[in-house]
Amino acid sequence: MTFQPPPYPPPAPPPGPGPYPQQPGYPGGYPQQPGQYGQPYAPPPPPRGTNGFAIASLIFGVLGGVLLSVIFGIIALKQIKTRGQGGRGMAIAGLVLSALWTLLFGVAIIAAVVTNDGSVRATSLAVGDCIESIPGDNARVATLPKVSCAKPHEGEVYAQLRVTARSFPGQSTLESDYRERCLSAFAAYAPNAADSEDFESYVLYPTEATWNQGDRDVVCIATTKVKRTGSIKG
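Basis of the calculations
- Residues numbered from 1 in each chain as written.
- Predicted model: local features only at pLDDT ≥ 70, side-chain atom pairs only at ≥ 80, totals over all residues.
- Heavy atoms only, no water.
- Helix = DSSP H or I, 4+ residues; strand = E, 2+ residues; numbered from the N terminus.
- Buried < 20%, exposed > 50% of the residue type's maximum accessible area, 1.4 Å probe, protein only.
- Contact = heavy atoms within 4.5 Å.
- Areas by Shrake-Rupley, 256 points an atom, 1.4 Å probe, with all protein chains shown as cover.
- 1 Å grid on protein atoms, 1.4 Å probe; cavity = no way out; pocket = protein on both sides within 12 Å on 5 of 7 lines; lining within 4 Å.
- Points joined across faces, edges and corners; volume = space filled by probe spheres on them.
- Nonpolar A, V, L, I, M, F, W, Y, C, P; charged D, E, K, R; others polar.
- Expected span 1.5 Å × (residues − 1).
- Bend = angle between axes of the 7 residues up to and from the residue.
- Axes fitted to C-alpha atoms, helices over the stretch in contact; angles between N-to-C directions.
- Parallel < 35°, antiparallel > 145°, perpendicular 65-115°, else oblique.
- Left-handed = near helix turned anticlockwise from the far one by under 90°.
- Patch = residues over 30% accessible without salt bridge, like charges linked within 9 Å, V, L, I, M, F, W, Y side chains within 5 Å.
- Salt bridge = Lys/Arg side-chain N within 4 Å of Asp/Glu carboxyl O.
- pLDDT = per-residue confidence, 0-100.
- Arc of directions from axis to C-beta.
- Core = buried A, V, L, I, M, F, W, Y, C linked by side-chain atoms within 4.5 Å.
- Disulfide = S-S within 2.5 Å.

Overview of the overall build of the protein
Scanning the protein for helices and strands turns up six helices and six strands. The buried share among the 234 residues of the protein stands at 28%. Put simply, of all contacts in the protein between residues at least 6 apart along the chain, 64% involve residues at least 24 apart. Looking at the protein as shown, the accessible area adds up to about 16400 Å², and 60% of this sits on carbon and sulfur atoms.

Some thoughts on empty space enclosed by the protein
As enumerated under the stated definition, the model contains one cavity of 30 Å³ or more in all. Taken as a whole, the largest cavity holds about 40 Å³ of empty space. Elements with a contribution of two residues or more to the lining of the largest cavity: β4 (153–162) and β6 (217–228). Among the residues making up the lining of the largest cavity, the classes are represented as three nonpolar, four polar and three charged.

Thoughts on helix α4 (residues 171–189)
Taking 1.5 Å of rise per residue, 19 residues should cover 27 Å, and α4 covers 26 Å from first to last C-alpha, within 8% of that figure. The axis of α4 is deflected most strongly, by about 35°, at Tyr-178. For α4, the set of buried residues is Leu-174, Tyr-178, Cys-182, Ala-185, Phe-186 and Tyr-189. Buried residues along α4 sit in contact with β4, α5 (191–195), β5 (199–204) and β6.

Considering the packing of helix α1 (residues 52–63) against helix α2 (residues 66–83)
As a packed pair, α1 and α2 sit with axes 8 Å apart at the nearest point and diverge in direction by 155°. Here α1 is positioned roughly antiparallel relative to α2, judged by the angle of their axes. The two elements α1 and α2 meet at a crossing, and its hand is left-handed. Of α2, the residues touching α1 (which contributes Phe-53, Ala-54, Ala-56, Ser-57, Phe-60 and Gly-61) are Leu-68, Ser-69, Phe-72, Gly-73, Ile-75, Ala-76, Gln-79 and Ile-80. Of the residues contributing to the contact of α1 with α2, the split by class is nine nonpolar, five polar and no charged.

Some words on a nonpolar patch on the surface
Residues Ile-55, Ile-59, Val-62, Leu-63 and Met-90 make up a contiguous nonpolar surface patch of about 450 Å² in total accessible area. By residue number, the principal contributor to the nonpolar patch is α1, which donates four residues. Mapped onto the elements, Met-90 comes out in helix α3 (residues 88–115). Met-90 gets classed as partly exposed once you look at its relative accessible area, which sits at 33%.

Notes on the confidence of the model for the protein
Scored by pLDDT, the protein comes out at a mean of 83, with 75% of its residues at no less than 70. Put simply, strand β1 (residues 119–121) is where the protein has its lowest mean pLDDT, 74, and β4 is where it has its highest, 95.

A short note on α2
Along an α-helix, residues three or four apart share an orientation, since each turn contains 3.6 residues. An ideal rise of 1.5 Å per residue puts 26 Å on 18 residues; α2 measures up with 25 Å between its terminal C-alpha atoms. What α2 keeps buried is the set Val-66, Ser-69, Phe-72, Gly-73, Ala-76, Gln-79 and Ile-80. Taken end-on, α2 shows its buried residues confined to a sector of 160°, consistent with a single buried face. Opposite its buried face, α2 presents the exposed residues Leu-67, Lys-78, Lys-81 and Thr-82, each directed more than 90 degrees away. Looking one or two places after α2, you find Gly-84, whose phi comes out positive at around 70°.

Examining the nonpolar core
Grouped together as the largest cluster of nonpolar side chains are 20 residues, with contacts concentrated most on Tyr-158, Tyr-178, Cys-182, Phe-186, Val-218 and Ile-232. Breaking this core down by element, the ones donating at least two residues are β4, α4, β5 and β6. Cys-182 has contacts with Tyr-158, Leu-161, Val-203, Val-218 and Cys-220, leaving out every residue within four places of it along the chain. Core analysis: the next-biggest nonpolar cluster, separate from the first, contains 10 residues, Ala-122, Leu-125, Leu-144 and Ile-221 among them.

Some remarks on the state of the cysteines
Per the stated rule, a full pass over the model turns up two disulfides. The side chain of Cys-130 participates in a disulfide bridge whose partner is Cys-149; the two sulfur atoms lie 1.8 Å from each other. Classification of the bridge connecting Cys-130 and Cys-149 rests on its S-S torsion, roughly 95°, and on that basis the disulfide is right-handed. Highlighted residues: Cys-130 in strand β2 (residues 130–131) and Cys-149 in the loop between β3 (143–147) and β4, separated in sequence by 19 residues. Here the two residues Cys-130 and Cys-149 agree in accessibility, since each one is buried.

So, in structure tokens, the structure goes:
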């Protein structure tokens, strides 16, 4: 017996256009669909940066440069509005800090005026200055309440005697050497007051500490137990 292979089936016909009918202008039967987006994507415009005046306003506001901070802050706000720049918060912060500095300066000035009693350093007194009140004997004096001689006062500076020693001579030596010199200067400055029992002399001597700071003057002050007005010079 011989084996005969079965005949092969004929090749399948090429596929047709499919179940969708051919449409005029649309080959293959599928109509062209329009795009989903009609306009192309446009990226946002790049930022224009931070305003330089705003940065300067904030810096001067932190440092206490009130005038410059205010000027730069106002300029910055105007430019930011027209140019679309950043930094508005910096400009406002600079203005706020300037306002706080101004308030602080005002409070400090008011406090200084209220608490100032006219006190001056004893080493800064000059002949003719009047002292509102005199401290007790043997007191270490750093400052004295200077007032106008037209106001009630207890003392008036009538002499300043320069100590010529090269080194600090010691407290007792200063007192013994310059006490009599003060009394002589009192008679020359106000002879009528020097002869009156209503006046005494109060003398300020350099201490070793003030000597090392350059103090070389003995200050002679005429004092009264009852406050008086006007100068004793005459």
